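Structural description and commentary
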Amino acid sequence: MTRRTRRSTPVQGTADRCTVTVCRGCCCGTPKVSDLDHAAQLTDLRASLSGVANVRPTGCLDACERANVLVVQPSATGRRAGGRPVWLGLVNDPEATADITAWVRDGGPGLADPPAVLDLYAFSPSRRVRRQIGD
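Once that is clear, we can look at the overall build of the protein chain. For the protein chain, the helix and strand inventory stands at 4 helices and 5 strands. Once local pairs closer than 6 in sequence are excluded, the contacts in the protein chain between residues at least 24 apart make up 70%. As displayed, the protein chain has an accessible area near 7900 Å², and 48% of this comes from carbon and sulfur atoms.

Here it is as structure tokens:
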């Protein structure tokens, strides 16, 4: 019988990064949310957070009334410091995306205080919805 052990250090540095989950389901990332270049938003997030955070698009997070939805999950270090995933809705302008990017570059949940303006975007989804991304 073998014993599995967890690694105490991140593999190639990616495990100790924040993850920004970008909803691209039935409403988010579609023409239903007009006046936003959705492809450019995702491209900008990936470019500005390259080497700093993992950016991953996902299917519908079931918070359609708040499209576009992003979830910033803390790094392992941020989680140990008390950080928890932060759900942000109505992220429909480049300024909001830039504020999120700056916060994540500073360390994100548990390691850096978010800009006060992000309070306008933050919300708490149902427990069922949170389970979808492993909160």
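Let us look at helix α1 (residues 38-48). Every buried residue belonging to α1 is among His-38, Gln-41, Leu-42 and Leu-45, and all of these are buried. In a view along the axis of α1, the buried residues occupy a sector of 95 degrees, so they form one face of it. For α1, exposure combined with an orientation more than 90 degrees from the buried face picks out Ala-39, Thr-43 and Ala-47. Where the residues of α1 are buried, they touch β1 (18-23), β2 (53-58), β3 (70-73) and α3 (94-105). The N-cap of α1, judged by a side-chain oxygen 3.3 Å from the amide nitrogen of Ala-39 a few residues on, is Asp-37.

The next thing to look at is the sheet that holds β2. Strand order in the open sheet formed by 5 strands is β2-β1-β3-β4-β5, with mixed pairing between adjacent strands. With partners counted over all chains shown, the strands left at the sheet margins are β2 and β5 (122-123), one partner each. In this structure, β1 lies alongside β2, joined through 6 bridges in parallel fashion. In the sheet register, Cys-23 faces β2, and the bridge partner there is Thr-58.

When pLDDT drops low, the exact placement of atoms in the prediction is not to be read closely. In this model, the protein chain carries an average pLDDT of 87, and 84% of its residues clear a pLDDT of 70 or more. Across residues 1-12 the pLDDT falls below 50, and counting only partners more than four positions away or on other chains, this stretch makes 2 contacts in the model.

Rules and cut-offs
Residues numbered from 1 in each chain as written. Predicted model: local features only at pLDDT ≥ 70, side-chain atom pairs only at ≥ 80, totals over all residues. Heavy atoms only, no water. Helix = DSSP H or I, 4+ residues; strand = E, 2+ residues; numbered from the N terminus. Contact = heavy atoms within 4.5 Å. Areas by Shrake-Rupley, 256 points an atom, 1.4 Å probe, with all protein chains shown as cover. Buried < 20%, exposed > 50% of the residue type's maximum accessible area, 1.4 Å probe, protein only. Arc of directions from axis to C-beta. Polar contact = N/O pair within 3.5 Å; in protein donor to acceptor, adjacent residues only side chain to side chain. Pairing = 2+ DSSP bridges. pLDDT = per-residue confidence, 0-100.

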